[in-house]
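# Breakdown of the fold
The primary structure of each chain is shown beneath.
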Amino acid sequence: MPSGTTSTDNLASVFKAYDVRGTVPDQLDEDLARATGAAYVEVLGVDALVIGYDMRPSSPGLAGAFAEGASNAGADVTMIGLASTDQLYFASGHLNLPGAMFTASHNPAQYNGIKMCRALAQPVGMESGLAEIRDKVAAGVSTAGGARVPGGIGETDVLQAYAAHLLSLAPVTGRRLKVVVDAGNGMAGHTAPAVFERISDQVELVPMYFELDGTFPNHEANPIEADNLVDLQKRVLAEKADIGLAFDGDADRCFLVDERGEAVSPSTLTALIAARELAKEPGSTVIHNLITSRAVPEIVKENGGTPVRTRVGHSYIKATMAETDAIFGGEHSGHFYFRDFWRADSGMLAALHALAALGETDRPLSQLLAAYERYPLSGEINSTVADQAGVLAALEERYAGQDGVEIDHLDGLSVSHPDWAFNVRASNTEPLLRLNAEGKDEATMARVRDEALSVIRGER
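In this report, we go over the structure that sits alongside the text.

Cut-offs used in this document
Residues numbered from 1 in each chain as written. Predicted model: local features only at pLDDT ≥ 70, side-chain atom pairs only at ≥ 80, totals over all residues. Heavy atoms only, no water. Helix = DSSP H or I, 4+ residues; strand = E, 2+ residues; numbered from the N terminus. Rg over C-alpha atoms; globule rule 2.2 N^0.38 Å. Buried < 20%, exposed > 50% of the residue type's maximum accessible area, 1.4 Å probe, protein only. Contact = heavy atoms within 4.5 Å. Areas by Shrake-Rupley, 256 points an atom, 1.4 Å probe, with all protein chains shown as cover. Lys, Arg positive; Asp, Glu negative; His and termini not counted. Charge placed at Lys NZ, Arg CZ, Asp CG, Glu CD. Salt bridge = Lys/Arg side-chain N within 4 Å of Asp/Glu carboxyl O. Polar contact = N/O pair within 3.5 Å; in protein donor to acceptor, adjacent residues only side chain to side chain. Axes fitted to C-alpha atoms, helices over the stretch in contact; angles between N-to-C directions. Parallel < 35°, antiparallel > 145°, perpendicular 65-115°, else oblique. Left-handed = near helix turned anticlockwise from the far one by under 90°. Nonpolar A, V, L, I, M, F, W, Y, C, P; charged D, E, K, R; others polar. Pairing = 2+ DSSP bridges.

## Structural notes on the overall build of the chain
Of regular secondary structure, the chain possesses 15 helices and 21 strands. Expected size for 460 residues packed as a compact globule is a radius of gyration near 23 Å; at 22 Å, the chain falls within 12% of this value. If one aligns the C-alpha atoms of the chain with their principal axes, the spans along those axes are about 70 × 55 × 45 Å. Residues classed as buried in the chain amount to 58% of the 460 residues present. If you take every contact in the chain between residues at least 6 apart in sequence, the share linking residues at least 24 apart comes to 69%. As presented, the chain carries roughly 17,600 Å² of accessible surface, and 47% of it is formed by carbon and sulfur atoms. The chain carries 37 positive and 63 negative side-chain charges, and their two centres are separated by 3 Å.

## Some points on unusual backbone geometry
Geometrically, the link from Val-24 to Pro-25 is a cis peptide bond, its omega value of 5 degrees lying close to zero. Phi at Asp-325 is positive, roughly 55 degrees, even though this residue is not glycine. For Asp-325, the location among the structural elements is in the loop between α11 (314-324) and β14 (328-330). Using a relative accessible area of 43% as the deciding quantity, one classes Asp-325 as partly exposed. Even without being glycine, Arg-343 reaches a positive phi, approximately 60 degrees.

## So, the pattern of salt bridges
One pass over the full model with this rule turns up 28 salt bridges. As a salt-bridge pair, Asp-19 and Arg-21 come within 2.6 Å of each other at their nearest N and O atoms. Under the relative-accessibility criterion, Asp-19 is labelled buried at 8%. The class of Arg-21 is buried, set by a relative accessible area of 16%. The structure contains a network of salt bridges with shared partners spanning Arg-311, Glu-380, Asp-411 and Arg-425.

## Let's talk about the side chain of Ser-346
As for its placement among the helices and strands, Ser-346 is situated in the loop between β16 (344-345) and α12 (347-359). Within polar-contact distance, the side chain of Ser-346 engages the backbone nitrogen of Leu-349 at 3.0 Å. If we skip the residues at most four places from it in the chain, Ser-346 touches Asp-86, Leu-166, Asp-252, Phe-336, Phe-338 and Phe-341.

## Considerations on the packing of helix α14 (residues 388-399) against helix α15 (residues 442-456)
Look at α14 against α15: their axes get within 9 Å of each other, and the N-to-C directions meet at 135 degrees. Classed by the angle they form, the pair α14 and α15 counts as oblique. Relative to α15, α14 is oriented so that their crossing is right-handed. Residues Val-391, Ala-394, Leu-395, Arg-398 and Tyr-399 of α14 pack against Val-448, Glu-451, Ala-452, Val-455 and Ile-456 of α15.

## Examining the packing of helix α7 (residues 188-196) against α12
Packed helices, taken two at a time, are described by their axes: the angle between them and the distance between them. In contact at an axis separation of 12 Å, α7 and α12 are set at 40 degrees when each is read in the N-to-C sense. Between α7 and α12, the angle falls in the class oblique. In this structure, α7 meets α12 at a crossing whose hand is right-handed. Side by side, α7 and α12 meet where Thr-191, Ala-192, Val-195 and Phe-196 of the first sit next to Met-348, Leu-352 and Leu-355 of the second. Broken down by class, the residue content of the contact of α7 with α12 amounts to 6 nonpolar, 1 polar and no charged.

## Looking at the sheet that holds strand β13 (residues 306-310)
Strand order in this open sheet of 5 strands is β13-β12-β14-β15-β16, and the pairing throughout is mixed. The open sheet has two edge strands, β13 and β16, and neither has a second partner. Pairing of strand β12 (residues 285-289) with β14, which is carried by 3 bridges, proceeds in the parallel orientation. Looking at β14, one finds that Ile-287 is bridged to Gly-329. Lying over the sheet, helix α9 (residues 266-280) contacts β12, β14 and β15 (336-338), oriented at roughly 15 degrees with respect to β15. The sheet strands contacting helix α10 (residues 295-302) are β12 and β13, and the helix crosses β13 at an angle near 155 degrees.

Written as structure tokens, this is what we have:
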């Protein structure tokens, strides 16, 4: 029976639905990374792969161990060094190689993880190979080579090619913009200089927290939390900037702040990018998850596109994009997926779309986005709930049969009415229910939000 980090109980806790993630070194160490590299090669039949890693202190060692295991299993390894997650996806597509990215995204400093993909950035999740990789590690996969001839381990630099590719997809022209970027000491501090130096005639860059530091000394690199946007909001106002951009730790998510210092809903950015992509290819399909604002499908239809609603989670978005040949997909969590970026998500590409749209107009960002902000949103509200199924049943009982109300169970419980809507979903990892509500006006949204919360929290 495996022991330590390769014990069955530990593997069950660190092999998540879409990646491997845990605390270092008690849950994830170099031995586990080495075994996972060997199992990845054997399960997926990989003969070559590309590996990148983020700025966390443990990342180079974990990535090197994974490379060793993969090499000993017979695969040639190309290391791209420090990278954002979307830079690794670029390398996978550009080089036509499967890949592994070492990052724990927005998690605190003691965490690390492995995001794996097939060639052309196709995801590897629990239903597409990750369970088999876990089971092979548990069975004691060999990491010492032996029968196979070891593969080589080399290095290449794709950062400039990545920057050029993104700008070819979303060229930034028009008026000169002043842009504040908060990298949160994460990997945008690595990628943003390469991207923005190519458009220095168009953009005056004001950097914040670009120093790569996996201990996150200034604030958590998780811009979905309002507290982590405060520094950026203040700096945008102080600089009289046109826009602020905030990235998470591995820079695959991006959030906007407008010239007034106000945070922009990811649903609003989804709608803006959808309109831009549909202008390039009218009649295309656009994917949106079920907690994005209802403004998103409305705007997609108004721009001649076909909206398709999915569950929350990148594996569902990417699978549905492949099935429908969708041109673009957006999630309310700040992930944005592009068909011309191998259906992968890129925070930087989303940011460039926002800059491109802003550069084309003389209006400030708040006015540009007004057409895409139609309904007040509650934001995601978490509640600790022991009996999640019972609470969802109580909510459904309360609203079912009311005039104009429709209910579905695509992902948790969605309740919609012509004047309002809300979704309640259970967390995959914690005893939480997550509520997202919206309404035709602020008062309607607040009423529906508070009514739903009263049931969720057992107040009546």
